[in-house]
Amino acid sequence: MNASVPSGEDGARLRAGPPANGDPAEAPLVALREELTLHPGPVAADGAPTWSLQDPVRNAFFRIDWPTFEILSRWSAGSAQRIVDWVNAETPLDMEADDVLAIQRFLQENQLCQLGSPAATALLLEREAATHSSPTQWLLHHYLFFRLPLVRPDAWLKRLLPVVEVFYGRGFYRLTGVALLVGLVEVYRQWDAFSATLVDTLSWKGAAGYAVALLFVKVLHELGHGFTARRMGCRVPAMGVAFLVMWPVAYTDVNEAWKLTDAKKRLAVGAAGIVTESVVAAWATLAWALLPEGTLRGLAFMLATVTWISTLAINASPFMRFDGYFLLSDWLNFPNLHSRAFAMGRWDLRERLFGLGEEPPEHFTPRWRRGLVLFAWAIWIYRLTLFLGIAAMVYYMFFKALGLFLFAVEIGWFVLKPLWGEIKEWRVSGFSGGRTGLTA
């Protein structure tokens, strides 16, 4: 059930200037956009309820906690102090005006407010103008990653759901399990032939075949996400191609899975691509084992091998924002897992280097804290290795001048820029003193 977010009882009052006494707690709050909606979310790890704030224009979702929900539910009060008085009187929460003002800043930064003043309009125009750049600047900023929507699949996904329903039945998955078991046994028995075929396909002709097989598998992967999301009642507004360092990667917009309160349903949507690829791999493995020598057996081999590798090595990895990451985040019920782990990892590093005695960004049990810090370091090491490899590949793929330039961009953007940003934080927090007594 959707709940509209209140946008203020009196738009003119909310868009008025600050009060005469200049107290931010009494200043009129900005009006929220009227089309925003709230959906019930899953229960948090500590047992508290959560909600998902949806921006339907951008199909974006923001997970909010109980205090934020109580504040947004009383936004029509018009000022931070009135909301605080209202919340503290009706709930066991003990809030301050700064809590409300922090939420207002978040709403403004994410363009969730109405444009009620010339200053707000000017800010939006400034942001829009910043998106325009010369072709060279656009290429420099977007060759690393950009998306190209190709189709709006929602209508035909819904229409074809009865056709693919058979693939969601328990009988089909039991049969697939048997096919996988038989296929693996046959691969073991014919291992010499399997390994010889692998060597034979390590050629330019074989690479072309693997490329076609990978394209076919990735289309099925995205259809798996799309059909499963539509089956759960989620709208699927777009499917297309994303380019990561000019390498095409298929994607499907299933953001509406945030509306699902059942964790099993969210996991089903997130795992649908990997499950689809695993099904394809199982049947392709069996086909290779049973087919006679020839073209069809060669195609089955390519389909099986490329699917197993892409599923296990890429999609299942939690270190990049692919399926494995979202599955781990949903399974742990831990939204924004990467960014929160990074924050904890940076805090731990600063404490070890400078002993600042600062409060951690979030409070967890010692076990969770150690896990997040180790996870952050694992991601950093993995990405450093990956980006160095991509940079080397870019260097050798293009002519030397362009390759050297793109190598520098890759290293500068993904390695040196984050490192320099962290060093600047050290200069501010560590070298400025803290408990260490150090001075610049």
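Preceding this paragraph is the structure being described.
Described in the following lines is the structure provided in the data block. Nothing here was measured: the structure is a model prediction, and the numbers come from that model.

**Examining the overall build of the protein chain**
Alright, step 1. Counting secondary structure elements, the protein chain contains 16 helices and 7 strands.
Alright, step 2. Within the protein chain, the fraction of its 440 residues that count as buried is 39%.
Alright, step 3. Restricting the contact set of the protein chain to residue pairs at least 6 apart, pairs at least 24 apart contribute 64%.
Alright, step 4. Of the accessible surface of the protein chain, which amounts to about 25200 Å², a share of 65% is contributed by carbon and sulfur atoms.

**Comments concerning the environment of V269**
Alright, step 1. Tracing the chain through its elements places V269 in helix α11 (residues 263–290).
Alright, step 2. Overall, V269 belongs to the buried group, its relative accessible area being 2%.
Alright, step 3. When the C-alpha positions of V269 and C234 are compared, they lie 9.7 Å apart, and in sequence the two are 35 residues distant.
Alright, step 4. If sequence neighbours within four positions are ignored, V269 has contacts with H225, T228, A229, M232, V254, A257 and L260.

**Observations regarding the pairing of strand β4 (residues 60–64)**
Alright, step 1. Burial analysis of β4 places 4 of its 5 residues in the buried class, which makes it a mostly covered element.
Alright, step 2. Of the pairings in the sheet, the one linking strand β3 (residues 51–55) to β4 comprises 5 bridges and is antiparallel in character. Across the sheet, residue S52 finds its bridge partner in β4, namely R63.
Alright, step 3. Between β3 and β4, which pair antiparallel and follow one another directly, the connecting turn spans 4 residues, one of which, N59, has a positive phi of 50°.

**Quick look at the nonpolar core**
Alright, step 1. Of all hydrophobic cores here, the largest spans 28 residues; its most connected members are L53, L72, W75, I83, V100 and L107.
Alright, step 2. Where this core is concerned, the elements lending two or more residues are β3, β4, α2 (66–73), α3 (80–90) and α4 (97–109).
Alright, step 3. Per-element accounting of this core gives the leading share, 5 residues, to α4.
Alright, step 4. In this structure, F194, F301, M302 and L303 belong to the second largest nonpolar core, which totals 15 residues.

**Digging into the environment of R74**
Alright, step 1. Among the structural elements, R74 can be located in the loop between α2 and α3.
Alright, step 2. For R74, a relative accessible area of 8% corresponds to the buried category.
Alright, step 3. For the pair R74 and V84, spaced 10 residues apart in sequence, the C-alpha to C-alpha distance is 9.2 Å.
Alright, step 4. Beyond its immediate chain neighbours, meaning those up to four positions away, R74 contacts I83, W86, V87, E90 and T91.
Alright, step 5. At 2.5 Å, the side chain of R74 forms a polar contact with the side chain of E70.
Alright, step 6. Within the structure, the side chain of R74 is placed 3.0 Å from the side chain of E90, a separation counted as a polar contact.

**A look at the packing of aromatic side chains**
Alright, step 1. Counting across every chain of the model gives 15 aromatic pairs.
Alright, step 2. Aromatic pair F172 and Y173: ring centres 5.7 Å apart, planes at 75°, arrangement edge-to-face.
Alright, step 3. For Y173, a relative accessible area of 36% corresponds to the partly exposed category.
Alright, step 4. On the basis of an interplanar angle of 90° and a centroid distance of 5.3 Å, the ring pair of F194 and W288 is categorised as edge-to-face. With a gap of 94 residues between them, F194 in helix α9 (residues 191–200) and W288 in helix α11 connect regions that are remote in the sequence. Here F194 and W288 have matching classes, each one buried.

**What about a negative patch on the surface?**
Alright, step 1. Negative charge collects at one region of the surface, where D94, E96, D98 and D99 lie side by side.
Alright, step 2. Here D94 falls in the exposed class, since its relative accessible area comes to 71%.

**Side note on the packing of α2 against α4**
Alright, step 1. Orientation of α2 relative to α4, taken along the N-to-C sense of each, is 85°, at an axis distance of 11 Å. Relative to α4, α2 is oriented roughly perpendicular. Contacts between α2 and α4 involve T68, I71 and L72 on the former and, on the latter, D99, V100, I103 and L107.
Alright, step 2. Partitioned by chemical class, the residues of the contact of α2 with α4 number 5 nonpolar, 1 polar and 1 charged.

**Here we look at helix α10 (residues 204–231)**
Since there are 3.6 residues in each turn of an α-helix, residues three or four apart along the chain are aligned in direction.
Alright, step 1. An ideal rise of 1.5 Å per residue puts 40 Å on 28 residues; α10 measures up with 40 Å between its terminal C-alpha atoms.
Alright, step 2. The first or second residue beyond α10 is G233, which carries a positive phi of 90°.

**Digging into a nonpolar patch on the surface**
Alright, step 1. Taken together, the side chains of L148, L150 and V151 make up a nonpolar region of the molecular surface, amounting to roughly 260 Å² of accessible area.
Alright, step 2. If you trace the backbone, V151 turns up in strand β5 (residues 145–151).
Alright, step 3. Judged by its relative accessible area of 39%, V151 falls in the partly exposed class.

**Quick look at the packing of helix α8 (residues 170–189) against α11**
Alright, step 1. Running from N to C, α8 and α11 point in directions that differ by 45°, and their axes come no closer than 8 Å. As far as their axial angle goes, α11 and α8 are oblique. Here the hand of the crossing between α8 and α11 comes out left-handed. When α8 is examined against α11, the residues F172, Y173, L175, T176, A179, L180, V182, G183, L184, E186 and V187 are found in contact with a partner set consisting of V275, V279, A282, W283, T285, L286, W288 and A289.
Alright, step 2. Class assignment of the residues belonging to the contact of α8 with α11 gives a composition of 15 nonpolar, 3 polar and 1 charged.

**Section: the pattern of salt bridges**
Alright, step 1. Considering all chains together, one arrives at 15 salt bridges under this definition.
Alright, step 2. Between R235 and E256 there is a salt bridge, and its shortest N-O distance comes to 3.4 Å. One end of the pair, R235, is in the loop between α10 and β6 (239–244); the other, E256, is in the loop between β7 (247–252) and α11, with 21 residues separating them in the sequence.
Alright, step 3. Here R235 falls in the partly exposed class, since its relative accessible area comes to 34%.
Alright, step 4. Here the residues in one salt-bridge network are R33, E35, D55 and R58, joined through shared partners.

What counts and what doesn't
- Residues numbered from 1 in each chain as written.
- Predicted model: local features only at pLDDT ≥ 70, side-chain atom pairs only at ≥ 80, totals over all residues.
- Heavy atoms only, no water.
- Helix = DSSP H or I, 4+ residues; strand = E, 2+ residues; numbered from the N terminus.
- Buried < 20%, exposed > 50% of the residue type's maximum accessible area, 1.4 Å probe, protein only.
- Contact = heavy atoms within 4.5 Å.
- Areas by Shrake-Rupley, 256 points an atom, 1.4 Å probe, with all protein chains shown as cover.
- Pairing = 2+ DSSP bridges.
- Core = buried A, V, L, I, M, F, W, Y, C linked by side-chain atoms within 4.5 Å.
- Polar contact = N/O pair within 3.5 Å; in protein donor to acceptor, adjacent residues only side chain to side chain.
- Phe/Tyr/Trp six-rings, centres within 6.5 Å; stacked < 30°, edge-to-face > 60°.
- Patch = residues over 30% accessible without salt bridge, like charges linked within 9 Å, V, L, I, M, F, W, Y side chains within 5 Å.
- Salt bridge = Lys/Arg side-chain N within 4 Å of Asp/Glu carboxyl O.
- Lys, Arg positive; Asp, Glu negative; His and termini not counted.
- Charge placed at Lys NZ, Arg CZ, Asp CG, Glu CD.
- Axes fitted to C-alpha atoms, helices over the stretch in contact; angles between N-to-C directions.
- Parallel < 35°, antiparallel > 145°, perpendicular 65-115°, else oblique.
- Nonpolar A, V, L, I, M, F, W, Y, C, P; charged D, E, K, R; others polar.
- Expected span 1.5 Å × (residues − 1).
- Left-handed = near helix turned anticlockwise from the far one by under 90°.

Everything listed is a geometric property; what it means functionally is a separate question.
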